[in-house]
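The residues making up each chain are set out below.
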Amino acid sequence: MADSAVIVGAGVIGLAAAYRLARDGLTVTVVDAASDGAAGTSVNNAGWVVPIMSAPVPAPGMPGKALRWMARKDSPLYIRPSLRPEHVRFMASLLRHCNPRDFRHGVEALAALNARTVPLFDAYDMDGVRFEYHRTGHLMAFHTRETMRAYQADTAPLERIGHTAVPLSGDELRDLEPALGPHVRAGLRCAEERHVDPVRLLEGLAERCAELGVRFVRNARVVDIRFRGPAATSVRAGRDEISGDVFVLAAGAHTGPLSRLAGFPLPIQPGKGYGFDVSDGAVTLRHSVYLGEAKVAVTPLSDRLRFAGTMEFGSYGRAVDLHRLRGIVRSAHAFLPDFPASAQPRGWTGLRPMTPDGLPVVGPLPGRDNVLVASGHCMLGVTLAPVTAELIAAQIAGGRRASDAATTARPFAPCRFTRHRRAPAGA
């Protein structure tokens, strides 16, 4: 039984795990390379809690769309040319997963994982995690009924866990959200979905962790993981050596290099998303809204309206490409006519931790007795943070809890990427 845990990464996944393990009575230390969490991917996202949209990024038809969009720098999906070997291998593997069988497998696995998502967020609220939390539901808006039907088919597996997508006409959507324009002809209403302010969620989790006695080591990049045989004993971060009984690698898009330190490099690559916030009141919404054909998320928060979208592979920095930002602006105007097409908002980016099969990586590294990974959540980091923490806590606790979680966790195990590799030295 572990008494202490070291979590590498203070994003939403790392903090959710720290909170859960601290509630289990473990002494928890969170180590993070940044001085604070205010600029990371965990705050630069749409803030959606949407099991209904939990599907792998690699999907049937994606290769053809990617080829058509390659000529447009403002397209929803863009693959930046790169000869980095890890990028080439990642994209080749991702394309192999763009088939109906793998997509169905991924949707089913994510549906099972999401069975407790909303109750766990409700439990955060009841336990005193202070964050902005909206229960108003979610809308998907489309210019064509054909696109709407395709999304409706993808959401069908979620019905068994109580998440339904009810078809609406364009007029019915405008009754709920008058800001939607006349070109919106169909949509889906998803009443069980939620949204949060991701900034306040991260702050609230950090505050609650501190109340539970979690120690934070900030501005300390992990440069080594030390082992005695197959078991890790400590991490070296800056000038500090931090010991523990169990270690959780939850550093988002940076988890791949960390896993390499443990002897099992995982294929986690960044996928850059873009977004911006506006607070001028030109458009008001009550629900979070997905602009279907544009693949843009719009989130109403207490003090601003947040827009987020696009996926860019092959880009490793946080610089804002204005072409891609303008693409979101134009798409927003096409669905929300009161939003000015000439807007020039200040943009932000976030590097989503992507995997080639579009599924998270959750569980112990093979051959490393006490090193677990919680990363690779693609665009579902906020949605899946509490349930990921539950799986990690169950695997650390062992016994009946681990046995109960085993079936749900199996599709996300790191060994799906490492089963053909040699065990690390000392294992």
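Analysis parameters
Residues numbered from 1 in each chain as written. Predicted model: local features only at pLDDT ≥ 70, side-chain atom pairs only at ≥ 80, totals over all residues. Heavy atoms only, no water. Helix = DSSP H or I, 4+ residues; strand = E, 2+ residues; numbered from the N terminus. Buried < 20%, exposed > 50% of the residue type's maximum accessible area, 1.4 Å probe, protein only. Contact = heavy atoms within 4.5 Å. Phe/Tyr/Trp six-rings, centres within 6.5 Å; stacked < 30°, edge-to-face > 60°. Lys NZ or Arg CZ within 6 Å of the ring centre and 35° of its normal. 1 Å grid on protein atoms, 1.4 Å probe; cavity = no way out; pocket = protein on both sides within 12 Å on 5 of 7 lines; lining within 4 Å. Points joined across faces, edges and corners; volume = space filled by probe spheres on them. Nonpolar A, V, L, I, M, F, W, Y, C, P; charged D, E, K, R; others polar. Pairing = 2+ DSSP bridges. Axes fitted to C-alpha atoms, helices over the stretch in contact; angles between N-to-C directions. Expected span 1.5 Å × (residues − 1). Parallel < 35°, antiparallel > 145°, perpendicular 65-115°, else oblique. Left-handed = near helix turned anticlockwise from the far one by under 90°. Salt bridge = Lys/Arg side-chain N within 4 Å of Asp/Glu carboxyl O.

1. Thoughts on the overall build of the protein chain
Next up, step 1: Helix and strand counts for the protein chain come out as 13 helices and 21 strands.
Next up, step 2: For the protein chain, the spread of C-alpha atoms along the three principal axes comes to 65 × 45 × 40 Å.
Next up, step 3: Within the protein chain, the fraction of its 427 residues that count as buried is 57%.
Next up, step 4: Partitioning the intrachain contacts of the protein chain with sequence separation of at least 6 by distance along the chain shows that 76% fall at a separation of at least 24.

2. Things to note about the packing of aromatic side chains
Next up, step 1: Summed over the entire model, instances satisfying the criterion amount to eleven aromatic pairs.
Next up, step 2: Directly above the ring of Y316 sits R84, whose terminal nitrogen or CZ lies 3.8 Å from the centroid.
Next up, step 3: Above the face of the F227 ring, R368 is positioned so that its terminal group lies 3.7 Å from the ring centre.

3. Side note on empty space enclosed by the protein
Take a probe with the size of a water molecule and roll it over the atoms, and the empty space left behind shows itself.
Next up, step 1: Enumeration over the complete set of coordinates arrives at one cavity of 30 Å³ or more.
Next up, step 2: Around the largest cavity, the lining residues are H87, F90, Q269, P270, F313, G314 and Y316.
Next up, step 3: For the lining of the largest cavity, the secondary-structure elements that each account for two or more residues are α3 (85–96) and β15 (269–278).
Next up, step 4: Grouping the amino acids of the lining of the largest cavity by side-chain chemistry returns four nonpolar, three polar and no charged.

4. What about the sheet that holds strand β13 (residues 240–243)?
Next up, step 1: Strand order in the open sheet formed by three strands is β11-β12-β13, and the pairing between neighbours is antiparallel. This sheet does not close on itself; its edge strands, each paired only once, are β11 (222–228) and β13. Geometrically, the sheet is characterised by an average inter-axis angle of 25 degrees between neighbouring strands, direction not taken into account.
Next up, step 2: Relative to strand β12 (residues 231–237), β11 runs antiparallel, the two being bridged by six bridges.

5. Looking at the environment of G314
Next up, step 1: Tracing the backbone through its elements, the reader meets G314 in the loop between β18 (305–313) and α10 (322–335).
Next up, step 2: Accessibility expressed as a relative area gives 13% for G314, which makes it buried.
Next up, step 3: Along the chain, G314 and L83 lie 231 residues apart, while their C-alpha atoms are 9.1 Å from each other.
Next up, step 4: Other than its neighbours up to four places away in sequence, G314 contacts R80 and H87.

6. Quick word on helix α11 (residues 381–397)
Next up, step 1: Counted at 1.5 Å a residue, the expected span for α11 with its 17 residues is 24 Å, and the 23 Å between its end C-alpha atoms agrees.
Next up, step 2: Along α11, 15 of the 17 residues are buried, which leaves the element largely enclosed by surrounding structure.
Next up, step 3: G398 occupies a position one or two residues after α11 and carries a positive phi of about 70 degrees.

7. Concerning the pairing of strand β14 (residues 246–249)
Next up, step 1: Residues V246 and V248 point to one face of β14 and F247 and L249 to the other, with burial holding for every one of them.
Next up, step 2: Both strand β1 (residues 4–8) and β14 contribute to a ladder of four bridges, which runs parallel. Across the sheet, I7 pairs through a bridge with V248, a residue of β14.
Next up, step 3: Bridge count for β14 against strand β21 (residues 371–375) is three bridges, and the pairing is parallel.

8. Topic: the sheet that holds strand β2 (residues 27–31)
Next up, step 1: A sheet is described by the order of its strands in space; here six strands give the open sequence β10-β2-β1-β14-β21-β20, paired in mixed fashion. The open sheet has two edge strands, β10 (215–217) and β20 (361–364), and neither has a second partner. When strand polarity is set aside, the average angle formed by the axes of neighbouring strands in this sheet is 20 degrees.
Next up, step 2: The sheet contact formed by β2 and β10 spans three bridges and is parallel. From the neighbouring strand, V31 faces β10, where its bridge partner is V217.
Next up, step 3: In the packing of helix α1 (residues 12–23) onto the sheet, contacts are made with β1, β2, β10 and β21, and the angle to β1 comes to roughly 170 degrees.
Next up, step 4: Each of β14, β20 and β21 touches α11; the most contacted strand, β20, lies at about 10 degrees to it.

9. A word on the packing of α1 against helix α8 (residues 198–211)
Next up, step 1: Between α1 and α8, the shortest axis-to-axis distance is 9 Å and the interhelical angle comes to 30 degrees. Between α1 and α8, the angle is such that the two are roughly parallel. Like other packed secondary-structure pairs, α1 and α8 cross with a definite hand, here left-handed. On α8, the residues that touch V12, L15, A16, A18 and Y19 of α1 are L201, L202, L205, A206, R208 and C209.
Next up, step 2: Among the residues making up the contact of α1 with α8, the classes are represented as ten nonpolar, no polar and one charged.

10. Here's the deal with the pattern of salt bridges
Next up, step 1: Scanning the model with the defined rule gives 28 salt bridges in all.
Next up, step 2: Between E390 and R116 there is a salt bridge, with its nearest N and O atoms 3.5 Å apart. With E390 in helix α11 and R116 in the loop between α4 (100–113) and α5 (117–126), this residue pair connects regions lying 274 residues apart in the sequence.
Next up, step 3: In this structure E390 comes out as buried when scored by relative accessible area, which is 18%.
Next up, step 4: The partner of R226 in a salt bridge is E241, and the shortest N-O contact between them spans 2.8 Å. You can see R226 sitting in strand β11 and its partner E241 sitting in strand β13, a full 15 residues away along the chain.

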